[in-house]
Amino acid sequence: MRGAVVTSISPGLSQKRMRDHNARLLLSLLLRHGELPGSDLARLSGLSAPTVSDILRGLEADGFLKRGDPVRGRVGKPSLPMRIDPEGALSWGFKIGRRSAELILLDLAGAIRAERRLPYAEPHPDEVLAFLAAATAEICAGLSPRQVARIGGIGVAAPFELWSGDEVRHRSRTFRHWSGVDLRDRIAGFSDLPVSIINDATAACRAEHIYGRGREFSDYACFFVGTYIGGGIVLNNSVYEGRRGNAGALGSLRTVGPHGEGLQLVDAASIHLLEDRLSEAGLDPEALWRQPQDWSALARHVDPWLGRVAQELAGACLSTCAVVDFEAVLIDGAFPPSIRSDLVDRVRRYLVHQDSRGLILPRIEAGTIGAKARAIGAAAGPISSQYLLDTNVGMAIA
């Protein structure tokens with residue numbers, strides 16, 4: 001095949017790289033399944049028991065794993081399960097949103113150790129990055145030297161429009177200052193940590209995959225309903241970002257408006273439409289974002305919006321599964337858990353009435369992470385790239 005070279009997952013692995021690969025595999029299995037003895041890890045990984053034992057001892061010595069309590073009651077000596085040590089790795093997650101910036105410090109087990117939030121009317125790069133510098137320094141001042149040394153990077157999640165200068169709807173004025181901003185270069189001015197940048201909806205998918213319901217499935221699509229709906233996809237047990245980081249741009253799926261006009265899903269199934277409803281009714285749309293979120297008093301406005309979103313998502317699920325035979329579609333969003341449950345139930349009901357000829361209907365399941373998914377997914381980026389297995393690496397066509 002001239003002009004197309006397929007690179008295998010692990011070409012010409014040296015012994016050291018093979019050990020790194022296997023260590024990532026075992027850490028990934030423990031995050032996915034919880035604590036396990038070496039015998040189960042050997043069975044799941046396909047590695048020999050001595051190899052697994054050797055790697056586990058190394059990971060324990062390096063501070064990534066802890067020993068669980070011995071499991072008795074079986075034939076032979078008690079098995080000793082191993083589990084993730086939360087202190088094994090820490091990572092910053094920074095979400096730049098349309099109303100606020102959010103910083104979290106995440107540990108290896110997925111717990112948030114610290115968080116800070118900056119609300120704003122219009123995000124300016126200088127203000128947002130000054131907040132990041134000050135907040136990370138403040139949090140680090142309260143950590144031990146060992147914990148600071150374990151911080152492996154800064155993951156940034158934001159809509160791609162922030163740095164493309166995209167002029168969509170009313171966003172152009174709000175983000176005009178971000179055109180041409182090099183986030184990696186700006187962050188390097190106050191931090192020597194590696195920086196990874198990811199689309200905010202893909203980040204939400206990553207959070208669900210590593211720390212939520214996504215651990216139950218190998219191939220699936222995620223929809224995250226925020227101010228603007230977006231999504232992400234998982235293939236072979238790994239989030240797939242694509243050659244340019246824009247795979248799973250599910251908000252751009254085509255749909256049809258009430259007058260037959262062509263629209264994108266982002267125009268028909270986003271929370272900004274509910275904000276518009278509230279504004280037209282003389283209500284403050286900020287009520288949707290107050291913490292803790294409670295939309296019960298807005299039910300008469302939420303219900304028709306929810307119905308339309310469910311119909312749009314039912315069609316979008318089929319469109320997505322027409323490209324890849326996903327076993328499931330996960331739905332989450334920046335809304336209360338009760339709204340998420342209602343939306344998932346409605347999508348399931350609408351899906352059975354869709355024209356699904358030639359398709360196998362996916363399972364429709366609720367996500368579990370919620371509004372913090374984008375910040376958690378951002379923080380999971382450095383953790384994933386440094387310590388976990390990505391089965392999609394090396395699969396691109398050069």
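As the structure is a prediction and not an experimental result, all values here were calculated from the model. (Residues numbered from 1 in each chain as written. Predicted model: local features only at pLDDT ≥ 70, side-chain atom pairs only at ≥ 80, totals over all residues. Heavy atoms only, no water.)

Here we take up empty space enclosed by the protein. The tally for this structure, following the rule as stated, stands at one cavity of 30 Å³ or more. Reported here for the largest cavity is a volume of approximately 70 Å³. If you go around the largest cavity, the residues you meet are A204, C205, E208, C222, F223, F224, L330, D332, G367 and A373. For the lining of the largest cavity, the secondary structure elements donating two or more residues are α9 (200–211), β8 (220–225) and β13 (328–333). Among the residues forming the lining of the largest cavity, the class breakdown is seven nonpolar, one polar and two charged. (1 Å grid on protein atoms, 1.4 Å probe; cavity = no way out; pocket = protein on both sides within 12 Å on 5 of 7 lines; lining within 4 Å. Points joined across faces, edges and corners; volume = space filled by probe spheres on them. Helix = DSSP H or I, 4+ residues; strand = E, 2+ residues; numbered from the N terminus. Nonpolar A, V, L, I, M, F, W, Y, C, P; charged D, E, K, R; others polar.)

It is worth spelling out the state of the cysteines at this point. Enumeration according to the criterion identifies zero disulfides in this entry. Between C222, a cysteine without a disulfide, and C205, which holds the nearest cysteine sulfur, the sulfur-to-sulfur distance is 3.6 Å. Lacking any disulfide linkage, C317 is separated from the closest cysteine sulfur, that of C321, by 6.6 Å. (Disulfide = S-S within 2.5 Å.)

A word on the packing of aromatic side chains. On inspection of all chains with the given rule, the structure shows five aromatic pairs. Consider the rings of F64 and Y387, whose centres lie 5.0 Å apart with planes at 50 degrees: the pair is tilted. Placement of F64 in the loop between α3 (49–61) and β1 (65–67) and of Y387 in helix α13 (residues 373–387) is noted, with a sequence separation of 323 residues between them. Between F217 and Y220, the ring centres sit 6.1 Å apart and the planes meet at 65 degrees, which makes this aromatic pair edge-to-face. Assigned by exposure class, F217 and Y220 land together as buried. An aromatic cluster is defined as three or more aromatic residues linked by ring pairs; in this entry it consists of W295, W305 and F335. (Phe/Tyr/Trp six-rings, centres within 6.5 Å; stacked < 30°, edge-to-face > 60°. Buried < 20%, exposed > 50% of the residue type's maximum accessible area, 1.4 Å probe, protein only.)

So, about the side chain of E365. Looking at the secondary structure, you find E365 in strand β14 (residues 363–366). A distance of 3.3 Å separates polar atoms of two side chains, one belonging to E365 and the other to R213. Setting aside residues no more than four positions away along its own chain, E365 makes contact with R213, F217, V329, L330, I331, V344 and R348. (Polar contact = N/O pair within 3.5 Å; in protein donor to acceptor, adjacent residues only side chain to side chain. Contact = heavy atoms within 4.5 Å.)

Glancing now at the pairing of strand β5 (residues 112–119). With seven bridges joining them, strand β4 (residues 100–107) and β5 adopt antiparallel strand pairing. Bridge pairing in β5 links L103 to R116. Connecting β4 to the next strand, β5, in antiparallel fashion are four residues, including G110 with a positive phi near 95 degrees. (Pairing = 2+ DSSP bridges.)

Another point: the pattern of salt bridges. Tallied over the full model, the rule gives 24 salt bridges. Of the charged contacts in the structure, one is a salt bridge between D40 and R43, with a shortest N-O distance of 3.8 Å. Within this pair, D40 and its partner R43 are both found in helix α2 (residues 38–45), separated by three residues, close to a single helical turn. R348 is paired through a salt bridge with E365; the nearest N and O atoms lie 3.3 Å apart. Residue R348 is found in helix α12 (residues 337–351), and its partner E365 is found in strand β14; the two are separated by 17 residues along the sequence. Take E365: its relative accessible area is 12%, and that puts it in the buried class. Within the structure, one salt-bridge network assembled from shared partners comprises R213, E216, D345, R348, R363 and E365. (Salt bridge = Lys/Arg side-chain N within 4 Å of Asp/Glu carboxyl O.)

Structural remark: α-helix, 3.6 residues per turn; residues separated by three or four positions point the same way. With 15 residues, α13 ought to run about 21 Å at 1.5 Å a step, and its terminal C-alpha atoms sit 20 Å apart, in line with that. Along α13, the largest kink reaches about 30 degrees and is centred on A380; proline P382 follows within four residues of it. (Expected span 1.5 Å × (residues − 1). Bend = angle between axes of the 7 residues up to and from the residue.)

Take the sheet that holds strand β9 (residues 230–235) next. Spatially, five strands are ordered β10-β9-β8-β13-β14 in an open sheet, and the strand pairing comes out mixed. Bordering the open sheet on either side are β10 (238–240) and β14, each of which pairs with just one other strand. This sheet shows a mean twist of 30 degrees between the axes of neighbouring strands, independent of strand direction. Bridge count between β13 and β14: four bridges; the pairing is parallel. Note that in β14 the partner of A328 across the bridge is R363. (Axes fitted to C-alpha atoms, helices over the stretch in contact; angles between N-to-C directions.)

This brings us to the side chain of E312. Here E312 is to be found in helix α11 (residues 299–321). Separated by 2.6 Å, the side chains of E312 and T255 make a polar contact. Each residue touching E312, except ones within four places of it in the same chain, is listed here: T255, V256, L265, A268 and A269.

Moving on to unusual backbone geometry. Cis geometry marks the peptide bond from Q291 to P292; its omega dihedral reads -10 degrees. Locating P292 in the fold gives a position in the loop between α10 (271–280) and α11. Of note, N236 is a non-glycine position whose phi angle comes to about 55 degrees, a positive value. Counting through the fold element by element, N236 comes out in the loop between β9 and β10. Within the chain, N237 stands out as a residue other than glycine whose phi angle is a positive 70 degrees. Looking at the element boundaries, N237 is found in the loop between β9 and β10. By relative accessible area, N237 is classed as partly exposed at 32%.

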